[in-house]
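This is what each chain is made of:
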Amino acid sequence: MFRLFAIVLLCAGCAEIAETSDANVSPVLVSDPLEITRVLAADDMEGREAGTAGGEKAREWLLVQMRARPFELVVEDFQHVFEFAPRIDEPTITGVNLIGLIPGTSVGEGPLMVVTAHYDHVGVREGEVFNGADDNASGVAGALAIADHFFANPPEHDVVIALLDAEEKGLRGAYAMMEDQVIEPDRIALNMNLDMLSKNDMRELYAAGSYHTPSLRPLLDDLALNVPVELKQGHDRPELGFDDWTLQSDHGVFHRVGIPFVYFGVEDHPDYHQPTDVYETIPEAFFVDSVRTVVAAAEVFDAELSSIETAKE
């Protein structure tokens, strides 16, 4: 996370994982969110910083996952390439967003939902790997779980899954995707952004965004009654200052152009942007329930997408 300073059954045994010489590289689809998070947060991914060898290795592994699933192409080989300079006096970096489409059952090009999760993190600092298990390997695992759910239970509306690069460098992947109009902005009824899903001692997960789009509040209220974590709303009001998350992750780019968003994430914890944000510190039971919650949310939003589109207008 960049800051201004039927539910699918999820289980460790549900993924088919081939044995390879490198335990972190699989040539086949991996569907277990725990395993996806473990792989992306491994030391050999070197913290997945945009524009580094570690970021490239993470992207190549995720490309295997995209290609192993029946996504329809939005861009060539799922890769939206963009360039940016983190600062005016710094060299240009190449970033790559990974984007695929799950077609809906509705006839014609109606409103669609874009599910985002950034796969980059902050890399290696002073010789220490910042693995980014919660931030944001967990969100990527959640996005792929939503995809797998909709492949098994086709959505009514088109759903785009976008695994974004360079969020930690100023939401650059999200800005590039919108500026290049990879998805026609007028079609996007809702952005569902996942950033930090796995660590909260009180089993609390926040859904931010209903302050800006009040029609989302009753959907989230109803959802909260039927999910296995304590789903709370908030962190989206301007008077909260730093605790207003409206512009603090990729959903902020959608918000700036008037597209409703719901951001799912936990509050900051001691491992946030620290080398201790490793897979081994994830409370697995909460994380699995958190992923179940965002999958259920995606199903609700798909069913109500037309009403959300009307609210946007």
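Procedures and definitions
- Residues numbered from 1 in each chain as written.
- Predicted model: local features only at pLDDT ≥ 70, side-chain atom pairs only at ≥ 80, totals over all residues.
- Heavy atoms only, no water.
- Salt bridge = Lys/Arg side-chain N within 4 Å of Asp/Glu carboxyl O.
- Helix = DSSP H or I, 4+ residues; strand = E, 2+ residues; numbered from the N terminus.
- Buried < 20%, exposed > 50% of the residue type's maximum accessible area, 1.4 Å probe, protein only.
- Contact = heavy atoms within 4.5 Å.
- Core = buried A, V, L, I, M, F, W, Y, C linked by side-chain atoms within 4.5 Å.
- Axes fitted to C-alpha atoms, helices over the stretch in contact; angles between N-to-C directions.
- Parallel < 35°, antiparallel > 145°, perpendicular 65-115°, else oblique.
- Nonpolar A, V, L, I, M, F, W, Y, C, P; charged D, E, K, R; others polar.
- Expected span 1.5 Å × (residues − 1).
- Pairing = 2+ DSSP bridges.
- pLDDT = per-residue confidence, 0-100.
- 1 Å grid on protein atoms, 1.4 Å probe; cavity = no way out; pocket = protein on both sides within 12 Å on 5 of 7 lines; lining within 4 Å.
- Points joined across faces, edges and corners; volume = space filled by probe spheres on them.
- Left-handed = near helix turned anticlockwise from the far one by under 90°.

Visitor: Just to check I follow, could you spell out the pattern of salt bridges for this structure?
Guide: Opposite charge on two side chains makes pairing possible when the charged atoms of those side chains draw close. Inspection of every chain in the model, using the stated rule, returns 13 salt bridges. A salt bridge links Asp-44 to Lys-57; the nearest nitrogen and oxygen atoms lie 3.1 Å apart. In this pair, Asp-44 is assigned in the loop between helix H1 (33-40) and helix H2 (53-67) and Lys-57 in helix H2, connecting sequence segments 13 residues apart. The class for Lys-57 is partly exposed, based on a relative accessible area of 28%. We note a salt bridge from Asp-148 to Arg-69, for which the minimum N-O separation is 2.7 Å. Taken together, the residues Asp-148 in helix H3 (residues 133-152) and Arg-69 in the loop between H2 and strand E1 (72-73) connect sequence positions 79 residues apart. A single burial state applies to Asp-148 and to Arg-69, both of which are buried. One connected set of salt bridges, linked through shared partners, spans Lys-199, Asp-271 and Asp-277.

Visitor: Got a minute to help me understand the side chain of Thr-116 in this structure?
Guide: For Thr-116, the position within the fold is in strand E4 (residues 112-118). Not counting chain neighbours up to four residues away, the residues in contact with Thr-116 comprise Ala-162, Leu-164, Asn-191, Met-192, Asn-193, Leu-194 and Phe-254.

Visitor: Before we go on, may I ask you to explain the nonpolar core in this structure?
Guide: A general feature of soluble globular proteins is that nonpolar side chains tend to end up buried together. Core analysis: the biggest nonpolar cluster contains 67 residues, and Met-192, Phe-264 and Phe-301 have the highest contact counts within it. Core analysis: the second largest hydrophobic core is formed by 18 residues, Ile-99, Val-160, Val-182 and Ile-188 among them.

Visitor: Mind showing me how you'd approach the packing of H1 against helix H7 (residues 284-303) here?
Guide: Helices that pack against each other are described as a pair by the angle of their axes relative to one another and the distance between those axes. Direction vectors running N to C along H1 and H7 enclose 110°, while the axes themselves pass 10 Å from each other. Judged on the interaxial angle alone, H7 and H1 are roughly perpendicular. On H7, the residues that touch Pro-33, Leu-34 and Thr-37 of H1 are Glu-284, Phe-287, Val-288 and Val-291. The residue inventory of the contact of H1 with H7, partitioned by class, reads five nonpolar, one polar and one charged.

Visitor: Honestly, the environment of Leu-164 in this entry has me stumped. Any pointers?
Guide: Locating Leu-164 in the fold gives a position in strand E7 (residues 159-164). Judged by its relative accessible area of 0%, Leu-164 is buried. C-alpha of Leu-164 to C-alpha of Met-177: the two residues are 13 residues apart in sequence and 8.7 Å apart in space. Discounting residues that sit within four places of it in the chain, Leu-164 has contacts with Asn-97, Thr-116, Ala-117, His-118, Tyr-119, Asp-120, Gly-173, Ala-174, Met-177 and Asp-250.

Visitor: Just checking my understanding: could you explain the side chain of Thr-213 for this structure?
Guide: Tracing the backbone through its elements, the reader meets Thr-213 in the loop between strand E9 (204-208) and helix H5 (216-224). In this structure Thr-213 touches Pro-260 and Ala-311, once residues within four positions along its chain are discounted.

Visitor: Even after reading the chapter, I still don't get H7, so can you show me in this structure?
Guide: Since the α-helix advances by 3.6 residues per turn, residues separated by three or four positions end up pointing in the same direction. Under the 1.5 Å per step criterion, the end-to-end length of H7 is 29 Å for 20 residues, consistent within 8% with the ideal 28 Å. Counting buried positions along H7 yields 14 of 20 residues, so the element is predominantly enclosed.

Visitor: Whenever I open this one, the pairing of strand E8 (residues 188-194) confuses me. Can you help?
Guide: Successive side chains on a regular strand alternate, one facing one side of the sheet and the next facing the other. Burial analysis of E8 places seven of its seven residues in the buried class, the great majority of the element. Direction of pairing for E4 relative to E8: parallel, over a ladder of five bridges. Within E8, the residue paired with Val-114 across the bridge is Asn-191. Inspection of the sheet shows E8 paired to strand E11 (residues 261-265) by four bridges, in the parallel sense. Across the sheet, Leu-194 pairs through a bridge with Phe-264, a residue of E11.

Visitor: Please explain the confidence of the model for the protein as it appears in this structure.
Guide: Fine structural detail should not be taken from predicted coordinates in areas where pLDDT scores are low. Across the protein, the average pLDDT comes to 91, with 91% of residues at or above 70. Considering only residues more than four positions removed or in separate chains, one finds that residues 2-26, a stretch of pLDDT under 50, has 67 contacts.

Visitor: Please clarify how the layout of surface pockets should be interpreted in this entry.
Guide: By rolling a water-sized probe across the atoms, one finds the places where empty space is left. Approximately 180 Å³ is the volume attributed to the second largest pocket. Taken together, Lys-199, Asn-200, Asp-201, Met-202, Glu-267, Asp-268, His-269, Pro-270, Asp-271, Thr-281 and Pro-283 make up the lining of the second largest pocket. Residue classes in the lining of the second largest pocket are distributed as three nonpolar, three polar and five charged.

Visitor: Can you help me understand helix H4 (residues 172-179) in this one?
Guide: For H4, the complete set of buried residues consists of Gly-173, Ala-174, Ala-176, Met-177 and Met-178. Where H4 is buried, its residues touch strand E2 (79-84), strand E3 (93-102), E4, E7, E8 and helix H6 (251-256). Backbone geometry just after H4 places Gln-181 at a positive phi near 50°.

Visitor: Before we go on, may I ask you to explain the packing of H5 against H7 in this structure?
Guide: With their axes 11 Å apart at the nearest point, H5 and H7 run at an angle of 140° to one another. For the element pair H5 / H7, the angle class is oblique. For the crossing formed where H5 meets H7, the hand is right-handed. From H5, Leu-216, Leu-219, Leu-220 and Leu-223 reach across to H7, where they touch Ala-296, Ala-297, Val-300 and Phe-301. Grouping the constituent residues of the contact of H5 with H7 by class yields eight nonpolar, no polar and no charged.

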